[in-house]
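# Coordinate inspection notes
The primary structure of each chain is shown beneath.
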Amino acid sequence: MVNNIPVEVLLIEDNPEDAELTIRVLKKHNLANNLVHLRDGEAALNFLFDKGSNNIPRLILLDLKMPKVDGIEVLGKIKKDEQKKLIPVVVLTSSKEEHDVIESYKLGVNAYVVKPVEFEKFVEAVAKLGLFWLLLNQPPR
Amino acid sequence: MKVYIDKKVLVGFLLALSILVSLGIYSYRNSQDSVITSSMVSRTNEVLYHIEKLHSSHLEIEAEMTRFVLTGDTSFAGFYRDEINAAREHYMVLYELIKDNATLSKGLDSIRLLGREKVELISRVIMTRKNSEDSARMIVFSPSNRKLVSRINDVVESMLAEEKKILDHRMMENQQDVTRFYTTFLTLLILTVLTIVILFLLINKTLRARLQAERALSRASEEIKGLYNEAPCGYHSLNGDGTIIEMNKTWLEWIGYKREEVINKMAFLDLFTPASRERYNDTFSKLKSQGFISNVEVEIVCKDHSALFVIVNATAIKDKHGNFIKSSSTAFNITDRRLAEEKVIAANKELEAFTYSVSHDLRAPLRSIDGYSKILQEDYASTLDREANRLLQIIRNNAHRMGHLIDDLLDFSRMGRKELDRTKVDMNALVGHVRQELIAQEVNRKIEFTVKPLKEVHGDLSMMRQVWINLISNALKYSRKQEVSRIEIGCKTEDNHTVYYIQDNGVGFDMKYSDKLFGVFQRLHKVEEFDGTGVGLALVHRIISRHGGKIWAEAQINEGATFFFFIPLQIPH
């Protein structure tokens, strides 16, 4: 997966269908050129923090409920790292729970988006956040 | 001196005392009177005595004179001189004794004059006898002498009669005095005895009443002691140092100590866990300063080291100078409640975990169903016929519907777990905002929306907001088919409650199903007619109930519906 082209989007999502739908939307808008999909928090942490790896994606889309290491923990690690905390992290989850929202913001999440059940709304949400964070937003460089 | 005696008894005592005092005074005065009377009587007897003596002197002189004339015995001269002297003394005494009595004084004066005549006669006789016995005898036996003797006798007789009359009179008076004294004395004595008898009865009655009162008191105090000990709550008292000086049986049973191990031996502090001890120190000084403490929750360590949770209320008992004497404390055992609360908290946590996983795990597959159906429609549009498209749309509609159901169910469950945060809520502003937001979503509709002035309510703002959102949405939804939708919101006062209402001119419902109106997933209309999950009114009902209020509705088919609710100032316990 790792090649010389810098990773644009890191999608951390345990549900393969949700991942496929997300990727489909991003592709439709030409936003998934250098996208990496990881299935759990542990893999995400390895990808970001392994020795020798210097992966700095332009955007991280993070699910919260995942096996092994959950999204909150991954978010915490990213935002505690001097270098990685500059990466915009958008939580993309099914959870509407208040404490998840508050906890994510306390850790420094850049955006929190609840995945709509209705596909049209889901498409709209993913497209908007992809366009915003990858095209409209000016990240620190 | 403070008097504890009954007023009636006191009056009786004073009466008896005054009778006794007047008895004494009366006796004293009476004895004074009788002394005077008896002295008068003895004086009268003295007068009589001296009159008799004068009389007898006269008679003896007369007799001796006759003997002298006949015998010529010269000793008569000495005898005569002695008798005359004695008579003169009697006269002098009599003169002093009777000078206040005119009759007697006059009699005595007559005796003096007659006596003088007699002395002259005797002198003549003595002189004559020296020369002639016969001449002297002539004088002695002369009629004039006989007349003189009889005159003296007459005067003496009359004086004696007069004095005897006085004596009789005085004796009679004395007798009357004595009789009166005895009568009065006896009357007063009987009165005293009567008073004392009445006093005795009164005192006896008072003592009997007091004894009965004492018995009743001791019975009552036994009963109170029983209540104190057997009460379902703990009672205790602490002195100024915080040492337990009284504790009832219930308390002792809770903590498992014996009375003698606790009373005057343990401080209340000794029973506390370290955390509670910290709190208690403040509280005890607060009790002393402000005079009471209420609803202090403390954790106690029992003798067997088990935990006991109690709520303590206490009042400070102070002397008249405001110094703390002891506390009067009540303790309620809330251990069972505490354990139940812990169970509820654990159950709530479990429920929270469950709803969390529901929200996550149930929504993801629905999204896939909807998403892949849509992809199928998009990517295979050319190969799928119309029926296939229709079937796919049904799958998608149901996925949407289930998504809504899950969302509403989660809202409903969240509302049950959420803490009430009561504040003053301005219903006018709240209804205004909600109405604006909801009407903005209605296009191409004629809506007449009236909001009358609404009283403020004491409730949770976000929940109140949810109530109005659901009620106004319903009113808008069910009046959709009317040409002009009419909705009115207002409030009125009923039985000291402010009752809010929202009325619409929509399709209404059949009142026989009104009991199903507020149940979860209960619907009175078909989904095809009016969309919805059947959670909205259940949610409203839950919110109103959590505020201690009530909601109900009145409706008729095709005549509209009115929903009423009220929220009390405080949640009734």
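Residues numbered from 1 in each chain as written. Chains lettered and ligands numbered in written order. Predicted model: local features only at pLDDT ≥ 70, side-chain atom pairs only at ≥ 80, totals over all residues. Heavy atoms only, no water.

This part takes up the overall build of chain A. Secondary structure assignment for chain A yields 5 helices and 5 strands. Shown N-terminal to C-terminal, the secondary structure of chain A runs as helices and strands in the order β-α-β-α-β-α-β-α-β-α. Taken over 141 residues, chain A has a buried fraction of 50%. Considering only contacts within chain A whose residues lie at least 6 apart along the sequence, 67% involve residues at least 24 apart. A total accessible area of about 7000 Å² is found for chain A, and carbon and sulfur atoms account for 53% of it. (Helix = DSSP H or I, 4+ residues; strand = E, 2+ residues; numbered from the N terminus. Buried < 20%, exposed > 50% of the residue type's maximum accessible area, 1.4 Å probe, protein only. Contact = heavy atoms within 4.5 Å. Areas by Shrake-Rupley, 256 points an atom, 1.4 Å probe, with all protein chains shown as cover.)

All names here are of chain B. Core analysis: the biggest nonpolar cluster contains 40 residues, and Met427, Trp468, Ile472, Ile502, Phe563 and Phe565 have the highest contact counts within it. Every element with two or more residues in this core is listed here: helix H11 (386-417), helix H12 (427-440), helix H13 (461-478), strand S9 (484-494), strand S10 (497-504), helix H14 (536-546), strand S11 (550-556) and strand S12 (560-566). In terms of residue count, H13 provides more of this core than any other element does, 8 residues in total. In contact with Trp468, not counting residues within four places along its chain, are Met427, Leu430, Val431, Val434, Ser473, Ile489, Tyr500, Ile502 and Phe565. (Core = buried A, V, L, I, M, F, W, Y, C linked by side-chain atoms within 4.5 Å.)

If you look at the interface, chain B gives 26 residues, while chain A gives 24 residues. In this structure, the connection of chain B to chain A is made through 6 salt bridges. Linking A:Arg24 and B:Glu378 is a salt bridge whose minimum nitrogen-to-oxygen distance equals 2.9 Å. Linking chain B to chain A there are 10 residue pairs in polar contact (both at pLDDT 80 or more). Per-element tally for the side of chain B that touches chain A: the top contributor is helix H10 (residues 363-379) of chain B, with 12 residues. Each residue belonging to the side of chain B that touches chain A can be placed in one class, and the counts come to 6 nonpolar, 9 polar and 11 charged. (Salt bridge = Lys/Arg side-chain N within 4 Å of Asp/Glu carboxyl O. Polar contact = N/O pair within 3.5 Å; in protein donor to acceptor, adjacent residues only side chain to side chain. Nonpolar A, V, L, I, M, F, W, Y, C, P; charged D, E, K, R; others polar.)

Residue and element names in this part refer to chain B. Residues of helix H4 (residues 133-140) that are buried: Ala136, Ile139 and Val140. End-on view of H4: buried residues confined to an arc of 100°, all on one side of the axis. Exposed side of H4, more than 90 degrees from the buried face: Asp134 and Met138 are the residues found there. Contacts from the buried residues of H4 go to helix H1 (7-71), helix H3 (102-131) and helix H5 (143-230). N-cap assignment for H4: the residue whose side-chain oxygen lies 3.4 Å from the backbone N of Asp134 is Ser132. (Arc of directions from axis to C-beta.)

All names here are of chain B. Mapped onto the secondary structure, Ala316 falls in strand S4 (residues 307-318). Between the alpha carbons of Ala316 and Asn239 there is a distance of 9.8 Å; along the sequence they are 77 residues apart. Setting aside its immediate chain neighbours within four residues, Ala316 contacts Leu287, Gly291, Phe324 and Lys326.

Residue and element names in this part refer to chain A. Taken in spatial order, the 5 strands line up as S2-S1-S3-S4-S5 in an open sheet, and their pairing is parallel. Both outer strands of the open sheet, strand S2 (35-38) and strand S5 (111-114), are each paired with one neighbouring strand and no more. Taken over all neighbouring pairs, the strand axes of this sheet differ in orientation by 20° on average, direction set aside. Examined bridge by bridge, strand S4 (residues 89-93) and S5 share 4 bridges and lie parallel to one another. From the neighbouring strand, Leu92 faces S5, where its bridge partner is Val113. Lying on the sheet, helix H2 (residues 41-49) is in contact with strand S1 (9-12), S2 and strand S3 (59-62); it crosses S2 at an angle near 135°. Each of S1, S3, S4 and S5 touches helix H5 (residues 119-136); the most contacted strand, S4, lies at about 175° to it. (Pairing = 2+ DSSP bridges. Axes fitted to C-alpha atoms, helices over the stretch in contact; angles between N-to-C directions.)

In S11(B), alternate side chains face the same way, and those of B:Ile551, B:Ala553 and B:Ala555 are buried while those of B:Lys550, B:Trp552, B:Glu554 and B:Gln556 on the opposite face are not. Connecting S11(B) to the next strand, S12(B), in antiparallel fashion are 3 residues, including B:Asn558 with a positive phi near 65°.

This part is about the confidence of the model for chain A. The predicted model of chain A averages 89 in pLDDT, with 96% of residues at 70 or higher. Across chain A, the element-wise mean pLDDT spans from 90 in H2(A) up to 95 in S4(A). (pLDDT = per-residue confidence, 0-100.)

Residues and elements named next belong to chain B. Between helix H2 (residues 76-98) and H3, the shortest axis-to-axis distance is 11 Å and the interhelical angle comes to 170°. Between H2 and H3, the angle falls in the class roughly antiparallel. Judged by the sense of rotation from one axis to the other, the crossing of H2 with H3 is left-handed. Residues Phe76, Tyr80, Ile84, Tyr91, Leu94, Tyr95 and Ile98 of H2 lie in contact with H3, whose contacting residues are Leu104, Ser105, Leu108, Arg112, Val119, Ile122 and Ile126. When the residues that make up the contact of H2 with H3 are grouped by side-chain class, the tally is 12 nonpolar, 1 polar and 1 charged. (Parallel < 35°, antiparallel > 145°, perpendicular 65-115°, else oblique. Left-handed = near helix turned anticlockwise from the far one by under 90°.)

Looking now at the sheet that holds strand S7 (residues 446-451) of chain B. Residues and elements named next belong to chain B. As summarised here, the arrangement of the 5 strands in space is S7-S9-S10-S12-S11, forming an open sheet in which the pairing is mixed. Each edge of the open sheet is held by one strand with a lone partner, namely S7 and S11. For this sheet, the mean inter-axis angle between neighbouring strands, taken without regard to orientation, is 15°. Sitting on the sheet, H13 touches S7, S9, S10 and S12, and the angle it makes with S10 is about 30°. The strands that H14 touches are S11 and S12; relative to S11, the one it contacts most, it runs at about 140°.

What follows concerns unusual backbone geometry. Generally, phi is negative for residues other than glycine and the peptide bonds are trans, each holding for most cases. Residues and elements named next belong to chain B. For Asn295, which is not glycine, the phi dihedral falls at a positive 50°. Mapping Asn295 onto the fold places it in strand S3 (residues 292-301). In this structure, Asp495 is a non-glycine residue whose phi angle is positive, near 50°. Residue position: Asp495 is located in the loop between S9 and S10.

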